[in-house]
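Given next are the chains, with one letter for each unit.
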Amino acid sequence: MRLPLSTYRLQITAGFDLVAAAGVLDYVTALGADWLYLSPLLTAEEGSDHGYDVVDHSTVDPVRGGPEGLLRLATAAKDAGRGILVDIVPNHVGVATPRHNAWWWDLLAGGRGSRFAEAFDVDWAAGDGRILLPVLGDGDDELERLQVVGDELHYFDNRFPLAPGSADDGADARAVHSRQHYELVNWRRADTDLNYRRFFAVNSLAGIRVEVPWVFEESHREIVRWVRDGLVHGLRVDHPDGLADPGGYLDALRAATGGAYVLVEKILEGDEQLPASWATRGTTGYDALGDLDRVLVDPAGQGALESLEARLQGEAGRLQTGADTVDWEELVHVNKRTIADETLQAEVRRLARLVPQINDPGDAIAELLACFPVYRSYLPVGIDRLQSAARRAVSRRPDLEPTIDLLLPVLSDPQHPAAVRFQQTSGMVMAKGVEDTAYYRYGRLTSLNEVGADPSEFALDPAEFHRRQQLRQATMPDSMTTLSTHDTKRGEDVRARITVLAEVPHEWEATLDSLRAAAPLGDAPFENLLWQAVIGAWPASPERLAAYAEKAAREAGTSTTWTDQNTAFETALRDLAAATAGNDTVAGTIAGFVDRVRQAGWSNSLSAKLVQLTTSGVPDVYQGSELWETSLVDPDNRRPVDYGIRREYLARIDDGWLPAVDETGAAKLLVTTRALRVRRDEPGRFFRYAPVPSFGARAGHVIAFDRGGAVTVATRLPLGLADAGGWADTTIVLAGRPVVDLLTGIRFEGGTLRLAELLARYPVALLVPADDTDQREATRGGRHAQ
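Residues numbered from 1 in each chain as written. Predicted model: local features only at pLDDT ≥ 70, side-chain atom pairs only at ≥ 80, totals over all residues. Heavy atoms only, no water.

**Details of helix H3 (residues 102-110)**
For H3, the complete set of buried residues consists of Trp 103, Trp 104, Trp 105, Leu 107, Leu 108 and Ala 109. For H3, the capping residue at the N-terminal end is Asn 101, with a side-chain oxygen 3.1 Å from the backbone nitrogen of Trp 103. Looking one or two places after H3, you find Gly 111, whose phi comes out positive at around 60°. (Buried < 20%, exposed > 50% of the residue type's maximum accessible area, 1.4 Å probe, protein only. Helix = DSSP H or I, 4+ residues; strand = E, 2+ residues; numbered from the N terminus. Polar contact = N/O pair within 3.5 Å; in protein donor to acceptor, adjacent residues only side chain to side chain.)

**Some thoughts on the pattern of salt bridges**
A pair can form between side chains of opposite charge whenever their charged atoms are brought close. According to the stated counting rule, one finds 74 salt bridges in the structure shown. A salt bridge links Asp 399 to Arg 397; the nearest nitrogen and oxygen atoms lie 2.9 Å apart. Among the residues examined, Arg 397 registers a relative accessible area of 24% and is labelled partly exposed. Taken together, the shared-partner salt bridges in this structure form one network comprising Glu 330, Arg 337, Asp 341, Asp 363, Glu 367, Arg 396, Arg 397 and Asp 399. (Salt bridge = Lys/Arg side-chain N within 4 Å of Asp/Glu carboxyl O.)

**As for the sheet that holds strand S6 (residues 92-94)**
Pairing is antiparallel in the open sheet, where three strands are placed in the order S6-S13-S12. One side of each edge strand has no neighbouring strand; the edge strands of this open sheet are S6 and strand S12 (198-199). (Pairing = 2+ DSSP bridges.)

**Brief notes about the environment of Val 434**
Counting through the fold element by element, Val 434 comes out in helix H15 (residues 417-435). The exposure class of Val 434 is buried, given its relative accessible area of 8%. With 82 residues separating them in the primary sequence, Val 434 and Ala 352 have C-alpha atoms 24 Å apart. Among residues more than four places away in sequence, those in contact with Val 434 are Trp 328, Val 332, Lys 336, Val 429 and Tyr 439. (Contact = heavy atoms within 4.5 Å.)

**Concerning the side chain of His 239**
Positionally, His 239 belongs in the loop between strand S14 (234-237) and helix H7 (246-257). Judged by its relative accessible area of 10%, His 239 is buried. Not counting the four nearest positions on each side in its chain, His 239 is found in contact with Asn 91, Phe 199, Phe 200 and Glu 265.

Structure follows, in structure tokens:
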């Protein structure tokens with residue numbers, strides 16, 4: 001098995017296709033990355049900018065470069081010594097445009113008689129033998145708008161196939177509709193009545209059953225060809241938690257690919273570990289991201305920020321009676337229960353139909369889902385999580401104990417359809433209840449509200465951080481680490497600046513009060529979350545901020561929603577975004593606070609980047625994030641990358657430029673290229689993880705570790721450090737031989753190093769033995785070109 005030493009993620013789209021990717025390969029190689037890491041490549045819905053809505057498994061998407069584009073990129077990558085990792089989507093397919101998906105089109109035309117009926121997860125009985133398609137509007141008689149056009153049924157721009165012979169007698173469109181294997185219904189019925197499995201709450205993404213051998217084979221034939229032909233060397237599996245049997249799927253993938261490098265997009269909760277039996281080298285790095293963020297958070301700010309959040313929630317009438325802080329666990333439970341009762345009610349009802357011997361089990365099923373402590377179990381692995389959920393559910397709802405007692409044996413049986421389905425559903429409830437709802441309703445410190453992280457864990461001290469990295473080194477050394485992805489709610493440098501708020505919580509509270517007074521919304525907790533995003537992403541255009549504010553507000557669902565927009569509130573959101581540029585008071589307040597935290601945020605950014613690139617695991621760099629990554633939630637984080645300026649900065653750095661830590665972000669590119677190059681070109685330096693102790697008055701402001709042949713030193717809590725007068729007598733102790741900082745080229749004698757000298761230019765350092773001539777050459781940029 002070929003393993004990557006690092007990766008560089010590229011979003012492959014119609015505007016940046018595989019040919020364009022080949023065009024930046026020389027830059028990625030010069031930067032120091034080992035493998036390219038590509039977003040999904042199979043043919044997707046027309047206009048898709050992400051590729052997770054595959055409509056044709058048989059070929060590379062023509063608009064993304066087609067098979068020729070992949071061959072061209074693969075050939076160039078091979079010549080450059082690079083590998084390729086590709087994102088694949090086994091859980092679902094795109095069905096927004098039925099005609100574009102041959103499997104779905106055939107299913108709609110043939111119903112249960114279609115060859116592809118087995119490929120989709122449809123509860124035919126629940127629809128009286130028909131698939132419910134929630135596409136109709138709210139008019140009094142939308143079926144009157146149907147038209148028969150040739151061999152299709154049309155509803156505005158929506159086109160559906162006609163069953164053979166169903167329109168031969170010239171009947172009107174409504175009568176023809178009644179003869180189809182599908183039923184067009186009001187869009188609002190999706191959450192309660194949908195009878196096909198979908199991805200979360202997205203009707204246009206229908207689940208497929210890759211546990212069926214022929215479905216796996218036909219949906220993966222092209223992917224397997226890429227691996228077998230040497231075009232692709234590794235696969236990233238999207239959303240394995242949606243599958244009926246994730247472990248079995250990974251076994252099948254290993255067998256089909258001959259044991260290629262595979263990562264899973266798996267969110268781990270708390271101390272949860274991947275099942276040891278899974279055929280994977282690790283996760284896509286969300287677990288690492290949470291640790292990397294938290295080691296830079298000042299724990300001293302927790303109390304003040306919690307008090308602020310409680311005050312704001314109290315203003316909105318959302319704080320529990322008698323409580324003086326927000327209970328994150330309770331917030332999560334409430335939101336998960338709401339999702340189970342509303343957005344995913346159809347899934348709960350389907351589960352209930354799978355246990356007909358139990359009377360009225362829906363309430364108990366929904367409570368178990370709301371109480372489930374992780375995304376899902378993989379029975380028998382994780383049965384303790386199910387038992388824990390049952391205990392929690394009974395403690396909250398003693399009236400449900402008899403029903404839960406009946407459900408527990410069924411849900412504990414790995415072979416029972418209800419147990420399989422419950423495991424697929426619990427992750428949906430967690431994702432929608434937490435990532436897509438609770439994260440937007442809780443604003444204590446929003447840099448912690450990130451995919452795969454637990455916002456209730458406020459900070460990590462260096463000792464706990466080191467322990468977790470040592471665990472990763474021992475258990476998943478080939479697992480990915482990351483700081484930004486296409487799914488992160490805020491780019492890494494947005495979070496790095498927001499994290500500074502924990503060092504100045506009272507200053508933030510005063511600033512927030514001023515901003516709220518100048519541009520009120522009437523939703524205090526959401527205002528806190530929104531203004532943190534503004535500060536973190538600043539400078540940002542009103543248009544970008546308005547788009548983020550609208551999405552975030554609708555996800556929060558406290559003042560407006562996706563399905564019931566509050567026009568007045570959304571107008572106020574746009575006015576607020578406009579005020580950031582057009583209101584002198586607002587703009588001045590933003591500028592003043594950003595001036596206070598900007599340098600500290602940049603320090604956090606450089607620390608996070610260097611630590612992520614050099615800690616245990618395989619580091620990924622999300623496209624463009626070698627400069628400041630100030631994106632907000634998608635689609636903002638899929639904006640085009642300016643590789644021209646990055647090439648220019650890299651060339652200047654290789655010519656000896658040591659950029660200042662300023663708005664250009666070039667200092668971050670320096671850190672990124674030096675770290676990536678040494679990891680790729682000198683992998684023998686990264687074989688262990690050992691904490692490096694610090695001593696002196698400011699010892700708590702540094703995190704340092706030795707990977708065996710390279711030592712990382714990074715600043716934490718920079719505002720407090722500056723306010724205290726700097727490093728003073730703080731030192732770290734290394735072996736007694738001279739070392740060179742790869743960032744600056746400066747030589748230091750070994751033994752005791754004074755941080756005031758080591759970190760005089762940058763808040764980070766990457767040290768290697770000075771007698772290594774190869775490393776001195778790498779510092780000058782001589783070894784990166786291949």
